Amino acid sequence: MTKEGPVRARLLGAQNRTLWFWVFVGPFFLGLVLFTYVPLGWSVYLSFFDAHNTVSPDDFIGFDNYTSMLNNDAFTDSLVTFAVFSAFIVPTTFVLSLALALMVNRLRRAQAFFRSVFFLPAACSYVVAALVWKLSIFNGVRFGLANTVLGWFGADQTAWLSTTDPPWYWLVIVTVRLWLQAGFYMILFLAGLQRISPTLYEAAAVDGARPGWQVLRHITLPQLRATSVAVTLLLVINAFQAFDEFYNLLSTSAGYPPHARPPLVYLYYTALGREQNLGLGSAGAVILALIIAVVTIGQARWFGLGRKED
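K.L.:
Before we go on, may I ask you to explain the overall build of the protein in this structure?
P.N.:
Of the regular secondary structure elements, the protein holds 14 helices and 0 strands. Moving toward the C terminus, one meets the helices and strands of the protein in the order α-α-α-α-α-α-α-α-α-α-α-α-α-α. For the protein, the C-alpha radius of gyration of 25 Å lies well beyond 19 Å, the compact-globule estimate for 310 residues. Projected onto its principal axes, the C-alpha coordinates of the protein cover approximately 75 × 70 × 35 Å. Burial status across the protein gives 35% buried among its 310 residues. Long-range contacts, defined as pairs at least 24 residues apart, comprise 65% of the intrachain contacts of the protein with a sequence gap of at least 6. Surface summary for the protein: the accessible area is close to 19200 Å², and the carbon and sulfur share equals 65%.

K.L.:
Sorry if this is basic, but what is going on with the packing of aromatic side chains here?
P.N.:
Note on aromatic pairs: each is described by the distance of the centres and the angle between the planes. A full pass over the atoms with the stated rule returns 25 aromatic pairs. Measuring from centroid to centroid gives 5.2 Å for Phe94 and Phe189, while their planes differ by 85 degrees, and the two rings are edge-to-face. In this pair, Phe94 is assigned in helix H4 (residues 73-106) and Phe189 in helix H8 (residues 169-194), connecting sequence segments 95 residues apart. Exposure remark for Phe94: the relative accessible area of 21% places this residue in the partly exposed category. With 6.3 Å between their ring centres and 55 degrees between their planes, Tyr256 and Tyr269 make a pair best called tilted.

K.L.:
What's the story with H8 in this structure? I'm lost.
P.N.:
Since the α-helix turns once every 3.6 residues, residues separated by three or four places project in the same direction. Taking 1.5 Å of rise per residue, 26 residues should cover 38 Å, and H8 covers 38 Å from first to last C-alpha, within 8% of that figure. Of all the bends in H8, the largest measures some 40 degrees and sits at Gln181.

K.L.:
Would you mind going over the nonpolar core with me for this structure?
P.N.:
The nonpolar side chains of soluble globular proteins are, as a tendency, buried together. Counting residues in each nonpolar core, the largest one holds 55 residues, and the members touching the most others are Phe85, Ile173, Phe246, Leu249 and Leu250. Elements that contribute at least two residues to this core include exactly helix H3 (64-70), H4, helix H6 (126-137), H8, helix H11 (225-240), helix H12 (244-250), helix H13 (263-272) and helix H14 (278-303). The leading source of residues in this core is H8, at 14 residues. With residues up to four places along the chain from it excluded, the contact list for Ile173 reads Phe85, Glu245, Phe246, Leu249 and Leu250.

K.L.:
What am I meant to see in a nonpolar patch on the surface here?
P.N.:
Together, Leu19, Trp20, Phe21, Trp22, Val23, Phe24, Val25, Phe29, Leu32, Tyr37 and Leu40 line one region of the surface with nonpolar side chains, adding up to about 1100 Å² of accessible area. Its place among the elements puts Trp20 in helix H2 (residues 17-46).

Reading the values: rules and limits
- Residues numbered from 1 in each chain as written.
- Predicted model: local features only at pLDDT ≥ 70, side-chain atom pairs only at ≥ 80, totals over all residues.
- Heavy atoms only, no water.
- Helix = DSSP H or I, 4+ residues; strand = E, 2+ residues; numbered from the N terminus.
- Rg over C-alpha atoms; globule rule 2.2 N^0.38 Å.
- Buried < 20%, exposed > 50% of the residue type's maximum accessible area, 1.4 Å probe, protein only.
- Contact = heavy atoms within 4.5 Å.
- Areas by Shrake-Rupley, 256 points an atom, 1.4 Å probe, with all protein chains shown as cover.
- Phe/Tyr/Trp six-rings, centres within 6.5 Å; stacked < 30°, edge-to-face > 60°.
- Expected span 1.5 Å × (residues − 1).
- Bend = angle between axes of the 7 residues up to and from the residue.
- Core = buried A, V, L, I, M, F, W, Y, C linked by side-chain atoms within 4.5 Å.
- Patch = residues over 30% accessible without salt bridge, like charges linked within 9 Å, V, L, I, M, F, W, Y side chains within 5 Å.
- Salt bridge = Lys/Arg side-chain N within 4 Å of Asp/Glu carboxyl O.

Right, dumping it as structure tokens:
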């Protein structure tokens, strides 16, 4: 046997399994590298340069972009907007998706039907959903569904997206995000519920536990601890990445209003707006990525994610 034989066998593996692995995985891995890792690395590179209207700058300025971004009131205000949005969307989505999972899990018939119905909005585009909410449901004129319903009770018309006192636009933003993502997290909770052994509920009934809140508190929620932590982490990360619903709901022909501007919307106008300051926008993106990483790791350690169960 030639020397090429053992080398070829090691490269291709038994029954050419290594070859077929790369045949199927290779295109996806190549796309991941080209469209995710290379842009991320280039964004970090741009953040250290004065990159106005160019992606190949040569004026190195070190950490000046980071200093400018951290001292920018508009950027810090966008982080406050994120905090307000998270305070609304994280607990409401968590409670709603858990409630839906509990109800679907109790069904004896048509469980697959209701599971599909509640999950279906997760397949809808955020852009399409935002436009439906903006043009059909919360349209500021009397033909909008929300104003039509209010008109039945004699209430005045409300300009939902342009009224800042009170800030009715939060109702529009939160409801569209709830509709879009509650079904997805319901599936996660439903998977966790179906992993709970029925013997635990039988033992609780023998011990005199009352069905309802008592069983939910002492049996169901502790058994859903890992799922709950994962759902909370995903909700916070997705809240940081909010862009489509804000931009498509609040932007007009005159531009984007100064209120309710989350980090990604601000960075979008910084990097691709009138000045096209790609270096400053990249620095903001790196700061935002670091904040997401710190918050995620902090939450994971706080909740003990990955820790062995006692």
